Amino acid sequence: MQNFLKINDNDNVVVALNAIPQGESITVEVSGQSRQITAREEIPAGHKMAVCDIPAGGEVIKYGYRIGNAKEEIPAGAWIHTHNVGTALGDLLEYSYEPVTVEENVTEDATFMGFNRPDGKVGVRNEIWIIPTVGCVNNVATAIARQAGAFVKGSVEDVIAFPHPYGCSQMGDDQEHTRTILADLINHPNAGGVLVLGLGCENSNIDVLKPYIGEYDENRVKFLVAQESEDEIADAVEIIKGLIDYAADFKREPISVSKLVIGMKCGGSDGLSGITANPLVGRFSDLLISKGGTTILTEVPEMFGAETILMNRCANEELFHKTVDLINDFKNYFKSHNQTIYENPSPGNKKGGISTLEDKSLGCTQKSGSALVKGVLQYGERVQTPGLNLLSAPGNDLVAATALAAAGAHIVLFTTGRGTPFASPVPTVKIATNSRLAGKKSNWIDFNAGVLVEDKSMAQETEHLFDYVVEVASGRQVCSEAAGFHDMAIFKQGVTL
């Protein structure tokens, strides 16, 4: 296996797949000619080395795009990182729609073993969810789930509480977003039954929340106001016994993968994220879409610097303008709080080899594959259109993964170069960018994309990942589920009273 990779012919850097020692020479093609480049210093794994002289202010090119400008003259063989390259991005930008031609492929259908719901939706899990309307009843919800779990039977897989700190002391859009996300989760088809647990005096009490939920199956969704009960835990357990009786009758049956909705997210990225795991998820997305399925890409601040790639793949001009708003609204959000728009990448990203936000974004957006953008969703909006969708949410892992679940994702694919044990309301598949992480944290990592720089082909691993996702959709637990982890987080944007 070679120790470096030049991603695009036009790049003026290579990425070290393994550390390149100082004084070691590599042979690489530059401007159509084979050149020998000697490392002037050790180049850590995942980091970049210049393959030609780059003048001060010159563009540093990776993935075939500018990832920043040189802060100083950078000679061939030098380590390129935050000390000598900086972002070239500005604030609000003007965009023009320059659509690209995308071939829309159709491939043979496949099936998974899932749950058909009476309302026409499908689920990949048959769980009982406890959704608190307010943080005041979080511990009560957890206690209920712990006791009610003893009564699980039939096809019911678990009883899960989703504590959160919101639902009261919020104002305006902030409170609206909380109500919308809670309603989205209540309506999620992975839950065979739902107990909505209220306190009684909160802003987002059950009566206020019901219009956001809309029409619901009274057999599937039950409500309990703790202040109106003498023993809310005992009463709730009895309600959940009834929900389990209802949900236990659902059975797994073959369902077309065209019904699957898969969320796509990355976190703790490293220098291999844009080379292994993210492109692999992009290829998976293209494959699922070719079978009529749906994928959702989020973490808008990590589109900055690569947004025009997505804009020009919008299926029509209306979607292009929605994507422009998606980007600029998030930039204005930062500006309204007097924060730097490009305060990214994180310390862990930098340690892994990512130098600028453009570097991170160009790797991040590879999860979108090559399909046309068919939908653009606001935070809390549920997906309606098959194909690739963009969702407004921040880069924060728990907030973004919850937003994907609320938008309708049955499963979240989460790529990572550093590793994380977190979960979300739906099965969250951790995909390692490198084999070292996959080996070290096998209790966190579900799938290893690091083999793509070892001995496996992209086509081979795309099929492998697709088959794995079908297994998860059919009931196979991911690591975080096996550990009993179930997280949720709501995007807090406003004033707390």
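These numbers come from a predicted model, not from an experiment.

## Section: the overall build of the protein chain
Okay, step 1: In terms of helices and strands, the protein chain carries 13 helices and 23 strands.
Okay, step 2: Taken over C-alpha atoms, the radius of gyration comes to 24 Å for the protein chain, in line with the 23 Å a tight globule of 497 residues would show.
Okay, step 3: Burial analysis of the protein chain (497 residues in total) assigns 57% to the buried set.
Okay, step 4: Taking contacts inside the protein chain between residues at least 6 apart in sequence as the whole, the part at least 24 apart equals 71%.
Okay, step 5: Within the structure as shown, the protein chain displays about 19600 Å² of accessible surface, and the carbon and sulfur contribution to it stands at 46%.
Okay, step 6: In the protein chain, 41 side chains carry a positive charge and 62 a negative one; their mean positions are 4 Å apart.

## Describing the side chain of Thr 276
Okay, step 1: Positionally, Thr 276 belongs in the loop between β17 (261-266) and α5 (277-290).
Okay, step 2: With near-sequence residues (within four places) excluded, Thr 276 lies in contact with Thr 433, Ala 449, Leu 452, Val 453 and Met 458.

## Some points on the sheet that holds strand β12 (residues 127-132)
Okay, step 1: Reading across from one edge, β13-β12-β14-β15 is the order of the four strands in this open sheet, with parallel pairing throughout. Single-partner strands in this sheet number two, and they are β13 (159-161) and β15 (221-225). Averaged over all adjacent pairs, the angle separating strand axes in this sheet is 20°, with direction ignored.
Okay, step 2: Taken together, the five bridges between strand β14 (residues 191-198) and β15 define a ladder with parallel strand orientation. Considered in β15, the bridge of Leu 197 is made with Leu 224.
Okay, step 3: Along the sheet, helix α3 (residues 206-213) contacts β14 and β15; its crossing angle with β15, the most-contacted strand, is approximately 160°.
Okay, step 4: Against the sheet, helix α4 (residues 232-247) engages β12, β13, β14 and β15, with an angle of about 160° to β14.

## Side note on the packing of α5 against helix α12 (residues 458-473)
Okay, step 1: Contact geometry of α5 with α12 gives a least axis separation of 9 Å together with a crossing angle of 65°. For the element pair α5 / α12, the angle class is roughly perpendicular. As α5 packs across α12, the resulting crossing turns out to be right-handed. In this structure, α5 contributes Pro 279, Leu 280, Val 281, Arg 283, Phe 284, Leu 287 and Leu 288 to the contact, and α12 contributes Met 458, Ala 459, Glu 461, Thr 462, Glu 463, Leu 465, Phe 466 and Val 469.
Okay, step 2: Taken together, the residues of the contact of α5 with α12 break down into eleven nonpolar, one polar and three charged.

## Quick look at the environment of Asp 286
Okay, step 1: Structurally, Asp 286 can be placed in helix α5.
Okay, step 2: On the basis of relative accessible area, Asp 286 is assigned to the partly exposed category, the value being 21%.
Okay, step 3: Distance in space between the C-alpha atoms of Asp 286 and Thr 462 is 9.8 Å, their sequence separation being 176 residues.
Okay, step 4: For Asp 286, the side chain forms a polar contact with the side chain of Ser 370, separated by 2.8 Å.

## Considering the packing of aromatic side chains
Okay, step 1: Applying the stated criterion across every chain yields a total of 14 aromatic pairs.
Okay, step 2: Taking 5.0 Å as the distance between ring centres and 25° as the angle between the ring planes, the aromatic pair formed by Tyr 97 and Phe 320 counts as stacked. Within this pair, whereas Tyr 97 is found in the loop between β9 (85-86) and β10 (111-116), its partner Phe 320 is found in helix α7 (residues 317-336), the two being separated by 223 residues in sequence.
Okay, step 3: When its relative accessible area of 3% is taken as the criterion, Phe 320 is described as buried.
Okay, step 4: Arranged with centres 5.5 Å apart and planes meeting at 80°, the rings of Tyr 333 and Phe 491 form a pair that is edge-to-face. Note that Tyr 333 is positioned in helix α7 and Phe 491 in the segment after α13 (479-482), a separation of 158 residues in sequence.

## Observations concerning a positive patch on the surface
Okay, step 1: Residues Lys 351, Arg 418, Arg 436 and Lys 440 make up a contiguous surface patch of positive charge.
Okay, step 2: Structurally, Lys 440 can be placed in helix α11 (residues 435-440).
Okay, step 3: The exposure class assigned to Lys 440 is exposed, which follows from its relative accessible area of 61%.

Calculation rules
- Residues numbered from 1 in each chain as written.
- Predicted model: local features only at pLDDT ≥ 70, side-chain atom pairs only at ≥ 80, totals over all residues.
- Heavy atoms only, no water.
- Helix = DSSP H or I, 4+ residues; strand = E, 2+ residues; numbered from the N terminus.
- Rg over C-alpha atoms; globule rule 2.2 N^0.38 Å.
- Buried < 20%, exposed > 50% of the residue type's maximum accessible area, 1.4 Å probe, protein only.
- Contact = heavy atoms within 4.5 Å.
- Areas by Shrake-Rupley, 256 points an atom, 1.4 Å probe, with all protein chains shown as cover.
- Lys, Arg positive; Asp, Glu negative; His and termini not counted.
- Charge placed at Lys NZ, Arg CZ, Asp CG, Glu CD.
- Pairing = 2+ DSSP bridges.
- Axes fitted to C-alpha atoms, helices over the stretch in contact; angles between N-to-C directions.
- Parallel < 35°, antiparallel > 145°, perpendicular 65-115°, else oblique.
- Left-handed = near helix turned anticlockwise from the far one by under 90°.
- Nonpolar A, V, L, I, M, F, W, Y, C, P; charged D, E, K, R; others polar.
- Polar contact = N/O pair within 3.5 Å; in protein donor to acceptor, adjacent residues only side chain to side chain.
- Phe/Tyr/Trp six-rings, centres within 6.5 Å; stacked < 30°, edge-to-face > 60°.
- Patch = residues over 30% accessible without salt bridge, like charges linked within 9 Å, V, L, I, M, F, W, Y side chains within 5 Å.
- Salt bridge = Lys/Arg side-chain N within 4 Å of Asp/Glu carboxyl O.

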